[in-house]
Amino acid sequence: MKSVIWQQGIEPKNMTYAACNQVLTLFFDETGERYTETSVRHLPIPNWSGNLILTNPSGDDPTKILGVLWATPFKDDIVRVAAFVIHSEFQGVGLGSLAWNRFVEAALDAGYRRVQLEVMASNIDAQRFYQRRGMAVEKHLEGYYKSGLGYMMRGPLQSVNE
Ligand SMILES: CC(C)(COP(=O)(O)OP(=O)(O)OC[C@H]1O[C@@H](n2cnc3c(N)ncnc32)[C@H](O)[C@@H]1OP(=O)(O)O)[C@@H](O)C(=O)NCCC(=O)NCCS
């Protein structure tokens, strides 16, 4: 468990087929949403500290993707988190907070001041995670998720160093 690390990922469009499938499986297993390889590859996630991949370099498969936090410039001073998921085995032990804090510092350094994302209305745990980090539901999204209602959440980027 201790040896998993967040490291900077590559742009989704350049990922191998295997890596892309690992991300699709993660999304499906942990959120129930089924995405296509094309939709993942088209996510405009640049090479930056808001593109983080969780792996276990000393594990059986050092390249296996165990989590992603993918953020992308959106508009004005807003950065959008397009994907945030961690394998269930590694949830609830602070790894999400670690990635979030790294992303927030990078986004503030890059000049962003606000963060926005979409979350399923049924995903109360994730909403709490975001609320505790200063975000609030701003909009209800009908038809965004195949499996039901979604929320758009937004808030100021809050540095943990302040
Ligand atoms: C949402 C998600 C990315 C959060 O990541 P995580 O690693 O589980 O989150 P953390 O462990 O850092 O924090 C969650 C809670 O665990 C607890 N926690 C944090 N550090 C901890 C530690 N060292 N030991 C035990 N518990 C800890 C805290 O209660 C924390 O709550 P906080 O918000 O008050 O800090 C992850 O749970 C996940 O992948 N969920 C399924 C997919 C999903 O819902 N994604 C979001 C879609 S929008």
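Preceding this paragraph is the structure being described.
Residues numbered from 1 in each chain as written. Predicted model: local features only at pLDDT ≥ 70, side-chain atom pairs only at ≥ 80, totals over all residues.

S.K.: Help me out: how do you make sense of the overall build of the protein chain in this one?
M.R.: Each helix and strand in the protein chain was counted, giving 4 helices and 7 strands. When the helices and strands of the protein chain are read in sequence order from the N terminus, they spell out β-α-α-β-β-β-α-β-α-β-β. Its C-alpha atoms give the protein chain a radius of gyration of 15 Å, near enough to 15 Å, the size a compact globule of 162 residues would have. Oriented by its inertia axes, the alpha-carbon framework of the protein chain measures out at about 40 × 35 × 30 Å. Every one of the 162 residues in the protein chain was classed for burial, and the buried ones make up 28%. Taking as baseline every contact in the protein chain between residues at least 6 positions apart, the subset at least 24 positions apart corresponds to 64%. (Helix = DSSP H or I, 4+ residues; strand = E, 2+ residues; numbered from the N terminus. Rg over C-alpha atoms; globule rule 2.2 N^0.38 Å. Buried ≥ 20, exposed ≤ 12 C-beta atoms within 10 Å, placed from the backbone. Contact = placed C-beta atoms within 7 Å.)

S.K.: Just to check I follow, could you spell out the site of the ligand for this structure?
M.R.: Neighbouring the ligand are 18 residues, the closest being Ile 86, Gln 91, Gly 94, Gly 96 and Ser 97. Listing elements by their share of the shell around the ligand, those giving two or more residues are helix 1 (17-31), strand 4 (78-86), helix 3 (95-109), strand 5 (114-120) and helix 4 (124-131). Looking at the shell around the ligand residue by residue, the class counts come to 9 nonpolar, 7 polar and 2 charged. (Near = placed C-beta within 6 Å. Nonpolar A, V, L, I, M, F, W, Y, C, P; charged D, E, K, R; others polar.)

S.K.: Explain the environment of Thr 31 to me, please; I cannot follow it from the model alone.
M.R.: Its location among the elements puts Thr 31 in helix 1. C-beta crowding within 10 Å serves as the criterion here: with 19 such atoms nearby, Thr 31 is assigned to the partly exposed category. Separated by 17 residues in the primary sequence, Thr 31 and Asn 14 place their C-alpha atoms 24 Å from one another.

S.K.: Is there a simple way to think about the sheet that holds strand 1 (residues 5-8) in this case?
M.R.: Sheets are built from strands paired through backbone hydrogen bonds, the pairs being either parallel or antiparallel. With mixed pairing, 7 strands are arranged side by side in an open sheet as 1-2-3-4-5-7-6. Whereas interior strands pair on both sides, the edge strands pair on one side only; in this sheet they are strand 1 and strand 6 (136-145). This sheet shows a mean twist of 25° between the axes of neighbouring strands, independent of strand direction. Both strand 6 and strand 7 (residues 148-156) contribute to a ladder of 6 bridges, which runs antiparallel. Along strand 7, the bridge assignment pairs Ala 136 with Arg 154. (Pairing = 2+ DSSP bridges. Axes fitted to C-alpha atoms, helices over the stretch in contact; angles between N-to-C directions.)

S.K.: Would you mind going over the nonpolar core with me for this structure?
M.R.: Soluble globular proteins tend to pack their nonpolar side chains together in the buried interior. Val 68, Leu 69, Ala 71, Phe 103 and Ala 107 are the most contacted members of the largest nonpolar core, which totals 36 residues. Looking at this core, the elements with two or more residues in it are helix 1, strand 2 (51-55), strand 3 (67-75), strand 4, helix 3, strand 5 and strand 7. Once residues lying within four places of it in the same chain are set aside, the contact partners of Phe 103 are Ser 49, Gly 50, Leu 52, Leu 69 and Ala 71. (Core = buried A, V, L, I, M, F, W, Y, C linked by C-beta atoms within 7 Å.)

S.K.: Quick question: what am I supposed to make of unusual backbone geometry here?
M.R.: With glycine set apart, most residues show a phi of negative sign, and most peptide bonds adopt trans. Despite not being glycine, Asp 76 has its phi angle at roughly 50°, a positive value. Along the chain, the position of Asp 76 falls in the loop between strand 3 and strand 4. Residue Asp 76 is classed as exposed on the basis of its 8 C-beta neighbours within 10 Å.

S.K.: Please explain helix 3 as it appears in this structure.
M.R.: In an α-helix there are 3.6 residues to a turn, and that puts residues three or four apart on one side. When the terminal C-alpha atoms of helix 3 are compared, their 21 Å separation across 15 residues agrees well with the 21 Å that a helix rising 1.5 Å per residue should span. Among the residues of helix 3, those classed as buried are Leu 95, Gly 96, Ala 99, Trp 100, Phe 103, Val 104 and Ala 107. Axial view of helix 3: buried residues confined to an arc of 165°, hence all on one face. Residues of helix 3 that are buried make contact with strand 1, strand 2, strand 3, strand 4, strand 5 and helix 4. (Expected span 1.5 Å × (residues − 1). Arc of directions from axis to C-beta.)

S.K.: Can you walk me through the pairing of strand 4 in this structure?
M.R.: In the case of a regular strand, side chains alternate between the two sheet surfaces. In terms of burial, strand 4 is a largely internal element, 8 of the 9 residues being buried. As judged from the 8 bridges shared by strand 3 and strand 4, these two strands associate in the antiparallel manner. From the neighbouring strand, Ala 71 faces strand 4, where its bridge partner is Val 81. Counting the residues in the hairpin turn of strand 3 and strand 4 gives 2 residues, including Asp 76, whose phi is positive at 50°. Sheet analysis places strand 4 next to strand 5, joined by 4 bridges and oriented parallel. The residue of strand 5 that forms the bridge with Val 79 is Val 115. Once you follow strand 4 into helix 3 and on to strand 5, the crossover reads as right-handed. (Right-handed = clockwise from strand over helix to strand, strands pointing away.)

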